[in-house]
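Descriptive analysis of the structure
If you want the building blocks of each chain, they are given just below.
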Amino acid sequence: MKLIRNGTLVYPHESRQADLLMDGEKIVRIADQIEAQEGWEVIDASGRLVFPGFIDAHTHFDLHVAGTVTADDFASGTKAEAAGGTTTIVDFGTAYPGETLNEGLDNWFEKAKEGCSCDYGFHQTITEWNETISAQVRDMIDRGASTFKIYMTYDTQIDDCTILKVLQRLKECGTTTGCHCENSGMIDALREEYAADPETAAKVSSHYRTRPAAAEAEAIGRYCHLAQVADEPVIDVHLTCEEGLNEIRAARARGQKVYVETCPQYLVMDDSLYENDDYDTAARYVCAPPLRKKSDQDALWKALADGEIQTVSTDHCSFTIEQKRLGADDFRKIPGGMPGAETRGLVLYSEGVAKGRITKEKMCEVLSENPARLYGMYPKKGVLQEGSDADIVILNPKGRQVVSAGNQVSACDYAPLEGMELTGTVDEVFLRGERIVKDGRVILENRGQYVKRGLPEYF
């Protein structure tokens, strides 16, 4: 038995000072006061916040892309997640053209065998459509990979005709998909233009100039209209800009259910970082969609506070500086993605809660309960409740730490927020009742288990 005493337990709609008792993998009792029994381990959480384990529903570990492989595999990536308070991740498996969905999922199970330090699940990416793929949607649900991913850009993209067919089939099966929304044709035309001039071809700044907010917003609007025809709830992943948010607002005004995810990088970084004359510095911020304006950050924070954004995930897709140099002569070849697993929770606390932009209850909602509900894990995950998994984060609101690549867990050799002082520290993390982080350090690895997820709960 483990007893957490005197902490402030955080829920989406309230926080309360209470004691929490763990027995094995489960939370077995929550009460205003619980008397410790002989043999119990007692954790004094006085002055600290007790959150449900954070859920990161958007990761890319051991991903082969852009002629290379992400720096973090499941072993290093999930260890980094654990250090930041994440107890469950949902990675994007991919059935590449020519593969069935079952084959794609088998490949991702094999990748995860390297060992996971937090619990894990998979979305399945759909890159083509035929009768076999359609039939295997049900297989994915039965195997617990119950939600999907589609792209409107990259070589994994599907066209509008296919998107509609996918949405119609997912509606039949009671599930949904996230979508990477960018207008591929607009981007391709701009990239061709900028790549034709050797001077702009070699500039990192050409990356964000060829992926304007309009490209994202147009694709979001199109995706929402396709979902309207299919009468299907949908998810927009990694929202970056107010222009895209307005498209979602329009869809909701029509009566549609559209769920929105954003990422910490879009809340605290802006496109001026691409203008650095030092290639190695500027290239580390290349991701897609790219970083936007400071005004977009303000809009996203307000949307979070107002409940217009449901989840905050990382889109952790890490590459070393050497890997980023693949695009030194052609910005189109820079691998897109950044690390963020270790800092997500603290960015939300430091830049959100501590600065009054959002409440700690909202932080709990977007990091824990909402992703658990939307991705078929509630109430097993995402809530401090008797009978739920004892996935727990103890956060010290008075702690301070400076972000540095020198002490991060990720295999990436840089930290996008290098030198930033964050308010708050993740002191302890429990995964199904087992302490995996102590004093901010991962002390137990490879304790993660596969989470067989159910169907989404629409709210």
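So, a few notes on the structure that sits alongside this text. (Residues numbered from 1 in each chain as written. Predicted model: local features only at pLDDT ≥ 70, side-chain atom pairs only at ≥ 80, totals over all residues. Heavy atoms only, no water.)

The secondary structure content of the chain amounts to 15 helices and 19 strands. Its C-alpha atoms give the chain principal-axis dimensions of roughly 75 × 50 × 45 Å. The buried share among the 459 residues of the chain stands at 61%. If you take every contact in the chain between residues at least 6 apart in sequence, the share linking residues at least 24 apart comes to 74%. (Helix = DSSP H or I, 4+ residues; strand = E, 2+ residues; numbered from the N terminus. Buried < 20%, exposed > 50% of the residue type's maximum accessible area, 1.4 Å probe, protein only. Contact = heavy atoms within 4.5 Å.)

Taken as a whole and assessed by the stated rule, the structure comprises 13 aromatic pairs. Among the aromatic side chains, those forming a connected cluster through ring pairs are F61, F74, F109, Y120, F122 and Y450. One cation-aromatic arrangement involves K111 over W108; the distance from NZ or CZ to the ring centre is 4.7 Å. Sitting over the ring of F92, K149 keeps its end group 4.0 Å from the ring centre. (Phe/Tyr/Trp six-rings, centres within 6.5 Å; stacked < 30°, edge-to-face > 60°. Lys NZ or Arg CZ within 6 Å of the ring centre and 35° of its normal.)

Further remarks concern helix α9 (residues 242-253). With 12 residues, α9 extends 16 Å from end C-alpha to end C-alpha; this agrees with the ideal 16 Å at 1.5 Å per step. Those residues of α9 that fall on the buried side of the exposure criterion are G244, L245, I248 and A251. The arc enclosing the buried residues of α9, seen along the axis, measures out at 115°, which places them on a common side. Against the buried residues of α9 lie α8 (213-230), β13 (234-236), β14 (258-262) and α12 (294-305). Following α9 by one or two positions, G255 has its phi on the positive side, about 100°. (Expected span 1.5 Å × (residues − 1). Arc of directions from axis to C-beta.)

Turning to the side chain of T147, a few remarks are in order. Within the secondary structure layout, T147 lies in the loop between α3 (131-142) and β11 (148-151). Residue T147 is classed as buried on the basis of its relative accessible area of 1%. Reaching out from T147, the side chain makes a polar contact with the side chain of H123 at a distance of 2.7 Å. When neighbours within four sequence positions are excluded, T147 is seen to be in contact with H123, Q124, T175, T176, L374, Y375, R453 and P456. (Polar contact = N/O pair within 3.5 Å; in protein donor to acceptor, adjacent residues only side chain to side chain.)

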